[in-house]
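What follows is the residue order along each chain.
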Amino acid sequence: MVKNNSTSIEYPALYISADLKSSEAQKYYLRGIYSLLLLLVSSALASLFAGLNQGVAIVSLVMISLTPIISLFLAWKRYDKLWYAGRSLAESIKTMSWRYMMRSQPYHDNNSGRASFISDLRKIFAESKNFCQHLSETTASEEQIPGQMDNIRQLDFENRKQIYRENRIDEQRNWYAKKSAYNKRMSSRWFWAMLAFQILAISCAAIRIAQPSWVYLPTDVLAAAAAAVIGWVQAKRFQELGTSYTLAALEIGMVRMALEDAKDEEQFSEFVGDAENAFSREHTQWLARRDI
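Residues numbered from 1 in each chain as written. Predicted model: local features only at pLDDT ≥ 70, side-chain atom pairs only at ≥ 80, totals over all residues. Heavy atoms only, no water.

1. Overview of the overall build of the protein
- Tallying secondary structure elements over the protein gives 10 helices and 0 strands in all.
- Reading the secondary structure of the protein in the N-to-C direction produces α-α-α-α-α-α-α-α-α-α.
- Relative to a compact globule of 292 residues, whose C-alpha radius of gyration would be 19 Å, the protein shows 25 Å and is clearly more extended.
- Taking the principal axes of its C-alpha atoms as reference, the protein extends roughly 85 × 40 × 30 Å.
- Looking at the protein as a whole, 45% of its 292 residues are labelled buried.
- In the protein, 82% of the contacts between residues at least 6 apart in sequence involve partners at least 24 apart. (Helix = DSSP H or I, 4+ residues; strand = E, 2+ residues; numbered from the N terminus. Rg over C-alpha atoms; globule rule 2.2 N^0.38 Å. Buried < 20%, exposed > 50% of the residue type's maximum accessible area, 1.4 Å probe, protein only. Contact = heavy atoms within 4.5 Å.)

2. Structural notes on the pattern of salt bridges
- Taken as a whole and assessed by the stated rule, the structure comprises 12 salt bridges.
- Between Arg160 and Glu265 there is a salt bridge, with its nearest N and O atoms 2.2 Å apart. Pair noted here: Arg160 is in helix 7 (residues 157-210) and Glu265 is in helix 10 (residues 265-291), with a separation of 105 residues, a long-range link.
- Assessed through its relative accessible area of 33%, Glu265 is described here as partly exposed.
- Among the charged side chains, a salt-bridge network with shared partners connects Asp19, Arg87 and Glu91. (Salt bridge = Lys/Arg side-chain N within 4 Å of Asp/Glu carboxyl O.)

3. Considering the nonpolar core
- Counting residues in each nonpolar core, the largest one holds 67 residues, and the members touching the most others are Met101, Met102, Tyr164, Phe268 and Phe271.
- The element contributing the most residues to this core is helix 1 (residues 13-48), with 13 residues.
- Beyond its immediate sequence surroundings of up to four residues, Met101 is in contact with Ile9, Tyr11, Met149, Ile152, Arg153 and Arg160. (Core = buried A, V, L, I, M, F, W, Y, C linked by side-chain atoms within 4.5 Å.)

4. Some details on a nonpolar patch on the surface
- A surface patch of nonpolar side chains, about 480 Å² in accessible area, is lined by Leu45, Phe49, Leu52, Val215 and Tyr216.
- Position of Leu45 among the secondary structure elements: in helix 1.
- The exposure class assigned to Leu45 is partly exposed, which follows from its relative accessible area of 43%. (Patch = residues over 30% accessible without salt bridge, like charges linked within 9 Å, V, L, I, M, F, W, Y side chains within 5 Å. Areas by Shrake-Rupley, 256 points an atom, 1.4 Å probe, with all protein chains shown as cover.)

5. What to know about the packing of aromatic side chains
- Within this structure, the stated rule accounts for 20 aromatic pairs.
- An angle of 85 degrees between the planes, with centres 6.1 Å apart, marks the rings of Tyr164 and Phe271 as edge-to-face. Here Phe271 lies in helix 10 and Tyr164 lies in helix 7, a separation of 107 residues in the sequence.
- Classification of Phe271 as buried rests on a relative accessible area of 7%.
- Here the aromatic cluster, defined as three or more aromatic residues joined through ring pairs, consists of Tyr11, Tyr15, Trp98, Phe157, Tyr164, Phe268 and Phe271.
- The ring of Trp76 carries Lys77 above its face, with NZ or CZ at 5.0 Å from the centroid. (Phe/Tyr/Trp six-rings, centres within 6.5 Å; stacked < 30°, edge-to-face > 60°. Lys NZ or Arg CZ within 6 Å of the ring centre and 35° of its normal.)

6. A short note on the environment of Tyr79
- Locating Tyr79 in the fold gives a position in helix 3 (residues 79-101).
- Take Tyr79: its relative accessible area is 12%, and that puts it in the buried class.
- Distance in space between the C-alpha atoms of Tyr79 and Lys21 is 9.8 Å, their sequence separation being 58 residues.
- For Tyr79, the contacting residues outside a window of four places in its chain are Ala25, Tyr28, Tyr29, Phe73 and Leu74.

7. Side note on the side chain of Arg103
- With respect to the secondary-structure elements, Arg103 resides in the loop between helix 3 and helix 4 (113-127).
- Residue classification places Arg103 among the buried positions, given a relative accessible area of 16%.
- Of the polar contacts made by the side chain of Arg103, one reaches the backbone oxygen of Leu155; its length is 2.9 Å.
- If near-sequence neighbours (up to four positions away) are discounted, Arg103 is found in contact with His108, Asn110, Arg153, Gln154, Leu155, Arg160, Glu265 and Ser269. (Polar contact = N/O pair within 3.5 Å; in protein donor to acceptor, adjacent residues only side chain to side chain.)

Following this line, the structure appears as C-alpha cells:
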C-alpha cells in the first residue's frame, strides 16, 4: 500500500479527501477488530471466576454479548471497503498528479495537458460517486489543481527531474523500506507472543491432568489469547506486507537507476510512465491481497 508522507508536494483536494477517509476507515476497522479480540479474551478470563461471584458472571456475559454487536457494526459500516476504496482513489489521483507535473503522457502537451487532467479528475470522481459520498466537507473548498502543481509543471527539464527523483522515487522507496522493517519486526514479536501463549496453554492442560483439583488454571484464557494473536496477525498481515514492501523497495531502486538515462523530455516522459506503472502495479496487487 502507498501512503503519502511528504509535506512538500501539494495534491488535488480530491486526493486529500480520499486519503483522509481511507486513513480514518482503516483506524476504525482495526480498532473494531482489536476490540472484538480483546473482548473474547477478557470474557474467557472472567468466565474462569464466574462460578465464584455473580457479578463476575454478569461481566463475562456482557463482554461476550458485545462481540456479535461489534461484528454486526463492522459488517454494516464496511470500514474495510472504505479503506481500500479510498486508498485506491487516492493513489490513482496521486499517479495522475505526478504524470501531470512531470509533463508525462497523457498530459505531455503544454496546451491541452491541463484540460486533459481536469477531464480525468472529473471522470474518476464520477466513477467513484459511491465512495465520494462518504468524504468529509472539510477539504471541499481546497483547490483541485494547487498552484504548486502548475508551478512544478512549468519548471525546466532538470528541475522537474530532480523533484521527481527526490519527492516521488526516493520518498516512495524510503516509505516501503521503513514499512518493510516495521512489519517484519512486528511479525516476529507477535509470532513469539502467540508461541508463548500456546506453550503456556499446553502447560496448564498438562498440570490439570496431574493436579485435577486445580480448577482455576487459565487454559482456555491462554488458548483464546493465542487465537486472538493469530486473528490480529491475519488482520494486519505483518509477514506478507513485510515481504511485499521489501520487493517494492527493491523494484523502485531498479527503476531509479533508469532515471539517469532520460536525457530529454521524450525519454523522461517515458520513464515517468514506466515508474508510475510500477507504483500502480504494486498498489493493485496490494488491493487484490486485501480483497482475498
